[in-house]
Each structure stands twice: as C-alpha cells, then as structure tokens.
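# Fold and geometry: a report
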Amino acid sequence: MRNRSKKIPGVDKEIGDETKVKNVVTAKRSGYAILAMFIFIIQGIWAVHHYQFESLPEPLSAEQVGKRGFSEVQAMKHVVELTQLGPHPVGSDALELGLQYVLEVAEEIKKTAHWEVDVEVDLFHASSGANILVSGLFKGKTLVYSDLKHVVLKISPKYNSEAEDSAILVSSHIDTVFSAEGAGDCSSCVAVMLELARGISHWAHGFKNSVIFLFNTGEEEGLNGAHSFITQHPWSSTIRMAIDLEAMGIGGPSAIFQAGPHPWAIENFALVAKYPSGQILAQDLFTSGLVKSATDFQVYREVAGLSGLDFAYADNTAVYHTKNDKLKLLKPGSLQHLGENMLAFLLHTAASSQLSNGKAMAVNEKSDGDAAIYFDILGTYMVVFRQRFANMLYNSVIMQSIMIWATSVVMGGSPATSSLALSVLGILLMWIFSLSFSIGVAFILPLVSSSPVPFISNPWLVGGLFASPAFLGALTGQHISYLILKRYISRVFSKRMETLSPVVKANWAKLEAERSLYKSGLLQWLFLLIVGNYFKVGSSYIALVWLISPAFAYGLLEATLSSARAPKALKTITLLLGLFIPFLISGGMFIRLAGTVVGMAVRFDRNPGGTPEWLGSLIVAVYISAVICLTMVYLLSYIHISGAKKLIAMASLIVFGLSLSVVISGIIPPFTEDISRAVNIVHVVDASGRNGEYKEPSSYISFFSTTPGKLTKEIQHIGEGFECGRENVADFVTFTTTYSCWTKDDSVIGWSKSDIPTLNVERDLRTGERVTQVTLDTKASTRWSLAINTNKIEDFRLKDVENGEELIQIGAKSASDGWHIIQFSGGKNAPKRFDLTLYWDNNQTQVTIVDGEILLKLRTDVDQLTPKVKRILEKLPSWCSLFGKSTSPHTLAFLNNLRVPF
C-alpha cells in the first residue's frame, strides 16, 4: 500500500515516514540555560544603569582646569558657604546673607575677568508684581510678590556692541524652603553658575552673544524671582534663549528634562556636551502633570516666549525639600558633570551668529510643530531628531508591520487568524495576572507593615515586593496562553499532518506556541507605537526600538529559506541580539525612573489623609508591572518549554517572601535619618468667625504628613498629648488635612492676638452690580494665602494700601474646585495691608445666600517657633523631617475667614 503524504507548512519536502521526522525537533530547553540567560540580562541592565547614572567625572581642582575651565573643588566652596547659612527662605536674614555672598563673588569675577571682557553686576530689587500662570500647579492661582532681590551678572565682549542685544540666560535660585539648607536645591546650581561665570569671563572676548547669569529669589514661593526679572529687568528684552538649573533631589548627573519648544538648543547641546544626559520621557511625564512640580523654565517659556533647556539633579528624590537636602549627601562629581556640560554648551552657543541674528530660536509656524525628540545612550552620546522625521519613520514602520502581519494572516488562513487572536489574549492575560499579583501586595502592605510605603529608605525592596510577584504573574498569564496556544496548534497539526506521530505533533505544537508568544511581544510594542505616534508622544521612540530590534533578530536568525523549515526552538542568540539595543537605550532609564517614583512617595499625599494609604504603593506596583510586561515579554516566551518554570516561580516566591518578612519584622526601617518621612508641625491659631463679631481664637498644634500612613509610631515617640484621627480636619487654604494629630496643651503661649490677621468689610454696595470692599491686614506676616469663592465672586482686584499700587487687576481669572487662590510672598519690607474689591457674579445676587457660607479664607504664615513647637521639634524622631513647599504653612499659622451674609 502506498504511504500517504502531505505538505507540511514550513517544510519544502514530502514527509511520509515517521522515522524521517522523529529527530527533526526536540521541544526542550535547558533550565540552567534559562537561568543563566535571565541572570545575564539582569546583570546587564544593572551595568547599563550604573554606567549611565552612577558614573560621575572626577572632581577637578582650580590648578587642573586653569582660568578657563570648570572646577568642582572651587564650586563646592560656594555650596559650603551657602549651606552653612541653614535654611534661607524669602524674607529671612539668612537669605540676605546668601545674596550678599553671591554679590561679593560676582564682584570678584568682575575684577579678575579678561581685559577684553565686560562684566556688569546688578543687585536688582524687584517691585511688586503678580505672576499668573495658566497651566500645571498654578491653575486657579495668582502668585503675588514684593520686595524681592536678585543678583544679575552679565558677561559680554567689550568690543562687540551687537552682543549687547542678544543674550543667553542662565538661571537658578538662591532661596530655599524653610525646612532645608538646600545643598541640592539649589545651592549646587548657584555654585555651578558662579564657577561658570568665572571661567566664561576669560572666554567672552570672542563671543557674539552676551551671557546673563540670574541668581534669583522667590522661586520656592511660586517662580516669582524669574517672573519679576522677565517682566521688570531691562536686560530681559535682550534674551534669546533660557537655561534653567534645578534639583528634584541631590546630586548625580544633571539631566535635561525639558527642552524647546524650538529644537535648536537641544541639538547644539548634543553636539558639544561632554557627558550628555537627558530623556524626553522625563519631559513627557513632567508636562503631563503626573509630576506635581514646576520650575522657572515655565515662566521663561510661558511668559517670555523663550526656548531653551531645563536641567535637574534627580538623585535621592526622597530628600527633596527636607532637612536631608544637605551637603554630605551631595555626590562628588555631580557639579563637575553639570559644569563641564554647561561650559562647552555656553562657549559654543555664545559664539554662534545664528543666535544673535535671531534665526536660531525664532519659533514660527513651520518650526513650532517640529519639536525635538532626544535621549542619551549611556550618558555618552545623545540622539536628537525632529518630530517631522519621527512621523515619517514611525508611519513607515507601522505600515510595514501591519502589512507583514496582514500578509501572514491571509496566507495562513483561519489558523493564522486564530493564533494571532490567542497571542493577543496572551498579552492581556500577562498584564492581568502581573498587575493583579503586584497590586495585591500594595493592598497588603498597610495591613502588615508599620508604613504603607516601607521601601523608601531602601528602594531595592521594590524588587522583592513588587517585581517578583509582577514577574510571576506575567509568567503565569503567559503560560496559560502558551497552554491554550499549544492545544490549538496541536489540533491544527492533527488535522493537517495525519502521518506524524503524536510525539512529533506535540513537540511541534510547543515550538509553534513559543514562537507565537515571542511574536506577541512585537504586537504589544506595535500597538504602543501606533498610539504614541497618533498622540505625538515624544518617547514613542522607546516602542520603536523595542519593536524593530527583536523583530530584526527574529527575521535574521529564525526566518529562513532552508528546505527544512520544521519548527525549531528559538535560538538564545535571537533573544540576546534582539534585546541588546533596547536595554542599552532604555534599561537604565527604567530603573532610574523607578527610583524617582519611589522617592516621590515621601510627598505623595498633597492633602494629608486625603488619599488611601495603599495608593502610593499601588502606583509603584503598576509601574513595576508595566515595565516587567513590556520588557520581559520576549524572555518569558523562552521559559515554557524549559525545566526552569518551577525553579523561577519558586525563586520569585522566595525573594518575595524574604522581602515581605524583612518589612514585617522591621529589620529594614521604612525611613532613616538620611531618608526621612516628610511631616509638618504647625502651631495653628484659628480666629474664624463672622465679620464684626469677636470670637476667642482657638489654638492647637497640628502634626500631619504628606507621606502615606498614620502617625501612631511618631506620636508614641513624641508624646506631648497628641491625639490623631480623621476628625482633626484643618483647612489651610491651599490644602486640607483630613488626617492629622492635634494637641492643645501649652498652645496659648508664643503668639499674640495682635498678630491675628483681619478681614474687615468697609463697603458693600448693592445698587446695580454688587461690589464689596474688604480691608485685609496680615499683621506680622509677609507670606499668606487667600482663597476667594468664585461661585459667588466673578472678579476682584487687590491694592497695596501703603503705596496705592494695584497688584491684581480686573480680568479673567481661573478657578479650581470653586476657589481662586492668591499666594503672596515678599521680603521684610513687603506690604501688609491691602484693599480687596470683590465684584459679585450677577447671577448670585438673585440667589439666597446660605447663612455662614464662606466667601474668603485666609492663612498667614510666620517663620517662628513657639515654645511648644520647639519642644516637639526637639523630640521629633530622626526618621522625620519638616517638609516645605510654596503651599506649606510655616511653623506658626493664623487662620481667619469672611462669611456671608455680612
């Protein structure tokens, strides 16, 4: 009898005898090889991260760099002088000393400059102003300032008059929050600028543009220093490009996290920077609002219409605005890294005729939509290309990918379509299981740990707490998909290849399922590329790299025109070759971002007690799971036909169990003296009541935290009669505490009734449009916040009573949650009495006003320690630190309000 034979898909010869194929394939892979490959990849990612973010240049001395170079040793002397002042917020004596120090150094730079270089030094005293920004943190706010001082240093060639009309601005701030000495934020930036100015003063005789160094104050109170300079200083009209230096932590490589809108600056930086560092992913996250922060760069871009670069240190983000922003945590080499990059960039751009003739930074209709996409590779080389090129590249890859997939589906018929659908199901199952396992841990932590974020002091704990279950979940979800795919493919083989033995069919089904899972990773990244390209997301290049490189490796090493095309096990080299470039470009960045996300948990709860305790951990868990599912999808496909499944699952469980045990036992505390929990201790004097009615003020100490979790352990350590709970609600105007600890013991001393601010209605005209005039007296405070009920008030104006200056004019004003907030901050000579004119909404005059409804809410801040607060601070655990922000009250705060009807 003649043997039946069939064409086997992927095999170009007839196979009619089982003995010809039984040794063709073996669906088995060494478990040890998988473990070795897994360890190799993890070690490789760690090496990339270390080289890219931990390797810093050697600090250089003045002797090594000479007159024209940058010396970290010299710059560190400035950091030491400024940090020795302690915290120096706006209005403090320490800030006056800091200004005087910077002024003296600037004058010395002027004396020692090259004889053909003109150096001008100006101690600029800004008058009052109103900073109204429309995006980000400042929606619904007007930031008012007065009595601010800045040191401005201008360096230009003496014999090139045209350079006077074209300048590059380099800016940072001297002031700190009241809780930090500010070694990182931003004494390090000021020190770099002073050393840069010294070096450039010996280069500028060949410049075609001036360089202006702005050492401003008021940044921490709402970017007021930058705004006052841009709107009031005569040199501001000559600026063509703005460079802002900032810190979101302390030390490390200073990276670009905002660039543009015109790409000229980032393109030229990439050309000359010695240690280029910057990721457009950080810009995408920052501008999306996910990072609740802002820098002076927003003023330069939004108010002045300037393009440029925004740099920031981002090591140890958990110390941001706390006592731990201190000199000893500033890594050697950090200033050298930023200084050498900036020196090369300034020398290059200051000598450019493109900038001086206005062509380089001219944002027109053609260039405005052609933003730059940028990223660095290992901190050694920076890739920059424009959005227009990205559109063509992405669209080309997307179209070709879709055509390849469509062709394979058409040629493969219904089995190919079903395999594709099952591959997509595998991606979904991988994400569902990974997220479920990791998020489950986030819910468990508050129940078993003293802190819902126990990984702050040791960020690598997230590897055991979240990465292990996330990886196990991803493996579980993909393995379920593998079993489904294998069963389906086995049925297809049974129908099409009847002569093959069940063993061979089973082996082939396993190998085909493995390949389908590998290719599902390509589908995942193709989907992200399509979405990113549609919404013009700058970091879409990540999806491009993770799609093209593994696809190329697969096509090169797995797809073949050989006569024997029976399914084979995926080659190890395919995985290593496919992942080499993606991990080189983005592996270190993913780890870096994880550390940033963990550090931000310290200040996560902007309204203390207002978010669930588990939410901070949940965000970390989601991020970790997303990275696992996105980057490990190719590696996971190799595991299912190996003997490593159980071993890897067991290892993941052991790592998770050990990490959880460490957390539960408290062996590794959630916070340390250097990585502290952010807290606020405020002596509150509440004088809320109706206008004209006397109310005996209540006084208490409020203790709350922006870090998730209750304060039970801290209160036990302090004592002092604190009682904690959600009934202790306090409205601080700019935020509300829904969980805090209060004590009224010994709270009646250390403050005076004469310091209680007043809101007095002088006139209330109801003829025609209703207008109410209120006198605001802040008494001892030059830092205050006032909330105006925009459900009642349509518009308002604010005047300085003493000088008659109109600080806020009539005009459209945004609102947030029904309130518009005025934040005022000024120096010692700032005004304290104001006229506030309220113009009611016409529709409100016909509405019955609820008795006791609040029209105005006022908080005034005083940087003063009452005896009770001083005693509490002395007992404050070492793992806690006061936290400062423009919206945070100082250690003494007075509350008052105005209710209707009058």
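Structure first, text after, so check above.
Described below are features of the structure shown in this document.

Rules used throughout
Residues numbered from 1 in each chain as written. Predicted model: local features only at pLDDT ≥ 70, side-chain atom pairs only at ≥ 80, totals over all residues. Heavy atoms only, no water. Pairing = 2+ DSSP bridges. Helix = DSSP H or I, 4+ residues; strand = E, 2+ residues; numbered from the N terminus. Axes fitted to C-alpha atoms, helices over the stretch in contact; angles between N-to-C directions. Buried < 20%, exposed > 50% of the residue type's maximum accessible area, 1.4 Å probe, protein only. Contact = heavy atoms within 4.5 Å. Disulfide = S-S within 2.5 Å. Parallel < 35°, antiparallel > 145°, perpendicular 65-115°, else oblique. Left-handed = near helix turned anticlockwise from the far one by under 90°. Nonpolar A, V, L, I, M, F, W, Y, C, P; charged D, E, K, R; others polar. Salt bridge = Lys/Arg side-chain N within 4 Å of Asp/Glu carboxyl O. Expected span 1.5 Å × (residues − 1). Polar contact = N/O pair within 3.5 Å; in protein donor to acceptor, adjacent residues only side chain to side chain. Patch = residues over 30% accessible without salt bridge, like charges linked within 9 Å, V, L, I, M, F, W, Y side chains within 5 Å. Areas by Shrake-Rupley, 256 points an atom, 1.4 Å probe, with all protein chains shown as cover.

### A word on the sheet that holds strand 19 (residues 771-777)
- One open sheet accounts for five strands, arranged 18-19-24-21-22; its pairing is antiparallel. Strands with a single pairing partner mark the edges of an open sheet, and in this sheet they are strand 18 (758-765) and strand 22 (806-808). The average angle at which neighbouring strand axes cross in this sheet is 25°, direction not considered.
- Pairing of strand 21 (residues 793-800) with strand 24 (residues 833-840), which is carried by seven bridges, proceeds in the antiparallel orientation. By the bridge assignment for strand 24, Arg 797 is matched with Thr 837.

### Observations concerning the pairing of strand 7 (residues 239-247)
- By the criterion of burial, strand 7 is predominantly enclosed, with eight of the nine residues buried.
- Looking at chain direction, strand 7 and strand 9 (residues 308-313) are connected through six bridges and run parallel. Residue pairing across strands places Asp 244 opposite Asp 310, the latter belonging to strand 9.

### Focus on the environment of Ser 825
- Looking at the element boundaries, Ser 825 is found in strand 23 (residues 819-826).
- For Ser 825, a relative accessible area of 4% corresponds to the buried category.
- Note: C-alpha distance between Ser 825 and Asp 861 (36 residues apart in sequence) is 9.8 Å.
- Aside from chain neighbours lying at most four places away, what touches Ser 825 is Val 90, Val 144, Tyr 145, Ser 146, Glu 221, Asn 224, Thr 782 and Arg 783.

### Side note on the environment of Thr 778
- Along the chain, the position of Thr 778 falls in the loop between strand 19 and strand 20 (783-789).
- The buried category is assigned to Thr 778, whose relative accessible area is 0%.
- Residues Thr 778 and Leu 858, 80 residues apart in the sequence, show an inter-C-alpha distance of 9.2 Å.
- Non-local contacts of Thr 778, meaning those with residues more than four positions away in its chain, are made with Pro 757, Trp 784, Lys 832, Phe 834 and Thr 860.

### Concerning the state of the cysteines
- One pass over the structure, following the stated rule, counts two disulfides.
- A disulfide bridge connects Cys 186 with Cys 189, and the sulfur atoms are separated by 1.8 Å. Taken together, the residues Cys 186 and Cys 189, both in helix 5 (residues 183-200) and three residues apart, mark about one turn of the helix. Each member of the pair, Cys 186 as well as Cys 189, carries the same accessibility label: buried.
- In this model, Cys 724 is linked to Cys 741 through a disulfide, with the two sulfur atoms separated by 1.9 Å. An S-S torsion of about 100° defines the bridge between Cys 724 and Cys 741 as right-handed. Here Cys 724, found in strand 14 (residues 723-725), pairs with Cys 741, found in strand 17 (residues 740-743); they are 17 residues apart in sequence, far enough to count as distant.
- Counting only the cysteines that take part in disulfides, in the order they occur along the protein, gives the pairing 1-2, 3-4.

### Section: the packing of helix 15 (residues 502-534) against helix 16 (residues 541-557)
- For the pair helix 15 and helix 16, the least separation of the axes is 8 Å and the interaxial angle reads 150°. Comparing their axes, helix 16 and helix 15 come out roughly antiparallel. The two elements helix 15 and helix 16 cross, and the hand of that crossing is left-handed. On helix 16, the residues touching Arg 515, Tyr 518, Lys 519, Leu 522, Trp 525, Leu 526, Leu 528 and Leu 529 of helix 15 are Ile 542, Ala 543, Leu 544, Trp 546, Leu 547, Pro 550, Ala 551 and Tyr 554.
- Classifying every residue of the contact of helix 15 with helix 16 gives 14 nonpolar, no polar and two charged.

### Some thoughts on the pattern of salt bridges
- Taken as a whole, this structure holds 33 salt bridges when the rule is applied.
- Two residues, Lys 331 and Glu 54, come together in a salt bridge whose shortest N-O distance is 2.9 Å. Note that Lys 331 is positioned in the loop between strand 9 and helix 10 (334-350) and Glu 54 in helix 1 (residues 31-54), a separation of 277 residues in sequence.
- A salt bridge links Glu 96 to Lys 149; the nearest nitrogen and oxygen atoms lie 3.4 Å apart. Remark: Lys 149 occurs in strand 4 (residues 148-157) and Glu 96 occurs in helix 4 (residues 93-112); sequence separation between them is 53 residues.
- Given a relative accessible area of 37%, Glu 96 falls into the partly exposed group.
- Its relative accessible area of 25% is what places Lys 149 among the partly exposed residues.

### Topic: helix 1
- Across its 24 residues, helix 1 extends 33 Å between first and last C-alpha, which sits within 8% of the 34 Å expected from 1.5 Å per residue.
- Here helix 1 starts with a cap whose side-chain oxygen sits 3.3 Å from the backbone nitrogen of Tyr 32, and that cap is Ser 30.

### As for a nonpolar patch on the surface
- Where nonpolar side chains cluster on the molecular surface, the patch consists of Phe 527, Leu 528, Val 531, Tyr 534, Phe 535 and Val 537 and spans about 610 Å² of accessible area.
- When you line up the elements, Phe 535 lands in the loop between helix 15 and helix 16.

### Observations concerning the sheet that holds strand 4
- With mixed pairing, the seven strands of this open sheet are ordered in space as 1-4-6-5-7-9-8. The open sheet terminates on both sides in strands that have one partner only, identified here as strand 1 (117-126) and strand 8 (255-260). Looking at each pair of strands side by side, their axes are set apart by 15° on average, direction ignored.
- In the packing of helix 5 onto the sheet, contacts are made with strand 4, strand 5 (167-173), strand 6 (210-216), strand 7 and strand 9, and the angle to strand 7 comes to roughly 135°.

### Describing helix 10
- Helix length check: helix 10, at 17 residues, gives a terminal C-alpha distance of 24 Å against a target of 24 Å (1.5 Å per residue), a fit within 8%.
- Most of helix 10 is tucked away, with 14 of its 17 residues classed as buried.

### What about the environment of Ala 543?
- Turning to its location among the elements, Ala 543 is positioned in helix 16.
- Judged by its relative accessible area of 5%, Ala 543 falls in the buried class.
- Spatially, the C-alpha atoms of Ala 543 and Pro 901 are 59 Å apart, while their sequence positions differ by 358 residues.
- When residues no more than four places from it in sequence are discounted, the contact partners of Ala 543 are Trp 525, Leu 528 and Leu 529.

### Some remarks on the packing of helix 4 against helix 5
- It is the contact of helix 4 with helix 5, at a shortest axis distance of 9 Å, that shows an interaxial angle of 15°. In this view, helix 4 runs roughly parallel relative to helix 5, as classed from their interaxial angle. As for the relative orientation of helix 4 and helix 5, their crossing is right-handed in sense. For the pair helix 4 and helix 5, the contacting residues are Val 102, Val 105 and Ile 109 in the first and Val 190, Leu 194, Ala 197 and Arg 198 in the second.
- Residue composition of the contact of helix 4 with helix 5, grouped by class: six nonpolar, no polar and one charged.

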